[in-house]
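Observations on the three-dimensional arrangement
These are the residues of each chain, in order.
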Amino acid sequence: QIIPLTTGWNAIWVEVEPTNNAVSSVFANLPVESVWPYSDKLAPVEFIQNLSEEPWNDPGWRRWFPADSPHAILTTLFAVNAGKAYLVKMTNAASLTITGRPVLKPVSWVPDALNLRGFQVTLGSRPTFASFFAASGAHAGQPAYRLDSALGVWTQVTPTVDRLRSGEAYWVYCQGASTYPGPLKIKLDQGDRLDFGRVAQRLNLFLQNLTTTPMVIGINDLTESGPRPLSLILWATNGLIQHALPVTFTTNLAAGLTEGVQLAIRRSDFSSTNFQTVLEITNNLGTRVLLEVSADKLPAATLGSTTPYTGLWVGGVS
């Protein structure tokens, strides 16, 4: 994930879990003055302040300062995690590059309060605030605020004009309880990624259209080089059909419906002991979700050409 940072204050949203998530590692060699995440329940007006001074006495804010800062002893933040928003104060403009893996986390909103968070949106044709939140009764028509980095103040967005940006965080009001992630909701059987392990052959991916209109969904395998051993399994009139994923697969999803997509791994198509890639899932409403996929092979047989599991096995399945 690459996030441009300007001089002064920046509100960022981290979408990948850093390989080394220590704050000093994530912001290494960058002209960072301080980093601030918010962690506790908000009161509706706590954020409306000029950021010319850090919120030292607010118990909801944690902070990190570089080791050579006179404030370093006050550091209370030690890790950067995916699915979190951070205020970053820069002495000069720079570009933050975070290397790691994408994770799919359920969205949890603090009810009846402003929430500091970002959203998974496309890099190109970005959605407006109005279109992104139209399907949610807890957010449609509610105020949202964007940080003006030049002035260091928060300004209310114009929902039908202003557009969401990938990697940027906002204060967004949530009226009542909500788990709204955006127009498209993606669910897995378990975990935060598709992990086939050593023996799983198929895993399920569920796509839910939360809007009142049909949407077009694309699934793209972002493998840069080498084999592409993933297949989509779809029902057809003559049975199950496997579609390899060398190019983007598209499907139409009716309003309000959930569609299950089954993915299969072809272990014979990769020669190493493991395989990793990222799936890019998009829709025509500006959503872009990255999903990690991994698979391993069974260890090579120690005797002859038989596998370690050759033979008759009896057991129970639950």
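Preceding this section is the structure that the text describes.
Attention here is on the structure that accompanies the text. (Residues numbered from 1 in each chain as written. Predicted model: local features only at pLDDT ≥ 70, side-chain atom pairs only at ≥ 80, totals over all residues. Heavy atoms only, no water.)

Some thoughts on the nonpolar core
- Ranked by internal contacts, the top residues of the largest apolar core, which has 29 residues, are Leu-205, Leu-207, Leu-279 and Ile-281.
- Taken together, the elements giving at least two residues each to this core come down to β12 (184-188), β14 (202-209), β15 (215-221), β16 (230-236), β18 (249-253), β19 (258-265), β20 (274-283) and β21 (288-296).
- It is β21 that provides the largest number of residues to this core, a total of four residues.
- For Leu-207, the contacting residues outside a window of four places in its chain are Leu-184, Lys-185, Ile-186, Ile-217, Ile-219, Leu-253, Leu-257, Thr-258, Glu-259, Val-261 and Ile-281.
- Among the nonpolar cores identified, the runner-up in size contains 18 residues, and Leu-5, Phe-27, Val-35 and Ile-98 belong to it. (Core = buried A, V, L, I, M, F, W, Y, C linked by side-chain atoms within 4.5 Å. Buried < 20%, exposed > 50% of the residue type's maximum accessible area, 1.4 Å probe, protein only. Helix = DSSP H or I, 4+ residues; strand = E, 2+ residues; numbered from the N terminus. Contact = heavy atoms within 4.5 Å.)

Here's the deal with the sheet that holds β15
- Strand order across the open sheet formed by five strands is β13-β21-β20-β15-β18, with mixed pairing between neighbours. Edge strands, defined here as strands with exactly one partner in the open sheet, are β13 (194-195) and β18.
- As judged from the five bridges shared by β15 and β18, these two strands associate in the antiparallel manner. Across the sheet, the residue bridging to Met-215 is Leu-253, located in β18. (Pairing = 2+ DSSP bridges.)

What about the packing of aromatic side chains?
- Inspection of the entire model under this criterion finds 14 aromatic pairs.
- Taken together, a centroid distance of 5.2 Å and an interplanar angle of 80 degrees make the contact between Phe-132 and Phe-133 edge-to-face.
- With a relative accessible area of 1%, Phe-132 lands in the buried category.
- Pairing Phe-132 with Tyr-180 gives two aromatic rings, centres 6.4 Å apart and planes at 75 degrees, and the pair type is edge-to-face. Within this pair, whereas Phe-132 is found in helix α2 (residues 129-133), its partner Tyr-180 is found in the loop between β11 (170-174) and β12, the two being separated by 48 residues in sequence.
- The rings of Trp-109, Phe-119, Phe-132, Phe-133 and Tyr-180 are connected pair by pair, giving a single aromatic cluster.
- A cation over a ring is seen here: Lys-297 above Phe-270, with NZ or CZ 5.0 Å from the ring centre. (Phe/Tyr/Trp six-rings, centres within 6.5 Å; stacked < 30°, edge-to-face > 60°. Lys NZ or Arg CZ within 6 Å of the ring centre and 35° of its normal.)

Quick notes on the side chain of Asp-221
- By the element assignment, Asp-221 lies in strand β15.
- Of the buried charged residues, Asp-221 lacks a salt bridge, with Arg-228 as the closest side chain of opposite charge at 4.1 Å.
- Every residue in contact with Asp-221, bar those within four places of it in the chain, is listed here: Arg-228, Leu-230, Leu-245, Thr-277, Val-278 and Leu-279. (Lys, Arg positive; Asp, Glu negative; His and termini not counted. Salt bridge = Lys/Arg side-chain N within 4 Å of Asp/Glu carboxyl O.)

Re the layout of surface pockets
- Quantified by volume, the largest pocket comes out at close to 880 Å³.
- The wall of the largest pocket is formed by 37 residues, among which Trp-13, Pro-106, Val-107, Ser-108 and Arg-117 lie closest to the centre.
- Of all elements in the fold, only β2 (8-14), β5 (84-90), β8 (113-117) and β12 reach the threshold of two or more residues within the lining of the largest pocket.
- A per-element tally of the lining of the largest pocket places β12 first, with five residues. (1 Å grid on protein atoms, 1.4 Å probe; cavity = no way out; pocket = protein on both sides within 12 Å on 5 of 7 lines; lining within 4 Å. Points joined across faces, edges and corners; volume = space filled by probe spheres on them.)

Considering unusual backbone geometry
- Its identity is not glycine, yet Asn-29 carries a phi of approximately 65 degrees, on the positive side.
- With respect to the element layout, Asn-29 can be found in the loop between α1 (23-26) and β4 (32-36).
- Among the residues examined, Asn-29 registers a relative accessible area of 83% and is labelled exposed.
- The phi torsion at Asp-112 lies on the positive side, around 55 degrees, for a residue other than glycine.
- On the secondary structure map, Asp-112 appears in the loop between β7 (100-102) and β8.
- Assessed through its relative accessible area of 43%, Asp-112 is described here as partly exposed.

Section: the pairing of β21
- With eight of its nine residues buried, β21 lies for the most part within the structure.
- Where β13 lies against β21, two bridges are found, and the strand directions are parallel. Each bridged residue has a counterpart across the sheet, and for Asp-195 the counterpart in β21 is Ser-294.
- Across nine bridges, β20 lies against β21 in antiparallel orientation. Within β21, the position partnered with Phe-275 by the bridge is Ala-295.
- Taking the residues that link successive antiparallel strands as the turn, the β20-β21 hairpin has four residues, and the phi of Gly-286 there is positive, at about 95 degrees.

Overview of the sheet that holds β4
- Taken in spatial order, the three strands make up an open sheet running β2-β5-β4, and their pairing is antiparallel. Each of the sheet's edge strands pairs with one partner strand only, and the pair in question is β2 and β4. Taking each pair of neighbouring strands and ignoring which way they run, the sheet shows an average axis angle of 25 degrees.
- The sheet contact formed by β2 and β5 spans seven bridges and is antiparallel. Considered in β5, the bridge of Trp-9 is made with Lys-89. (Axes fitted to C-alpha atoms, helices over the stretch in contact; angles between N-to-C directions.)

What about the pattern of salt bridges?
- According to the stated counting rule, one finds nine salt bridges in the structure shown.
- Among the salt bridges present, the one from Lys-89 reaches Glu-33, with a minimum N-O distance of 3.5 Å. Here the residue Lys-89 occupies a position in strand β5, and Glu-33 occupies one in strand β4, the gap between them amounting to 56 residues.
- The class of Glu-33 is partly exposed, set by a relative accessible area of 32%.
- Two residues, Glu-168 and Arg-146, come together in a salt bridge whose shortest N-O distance is 3.1 Å.

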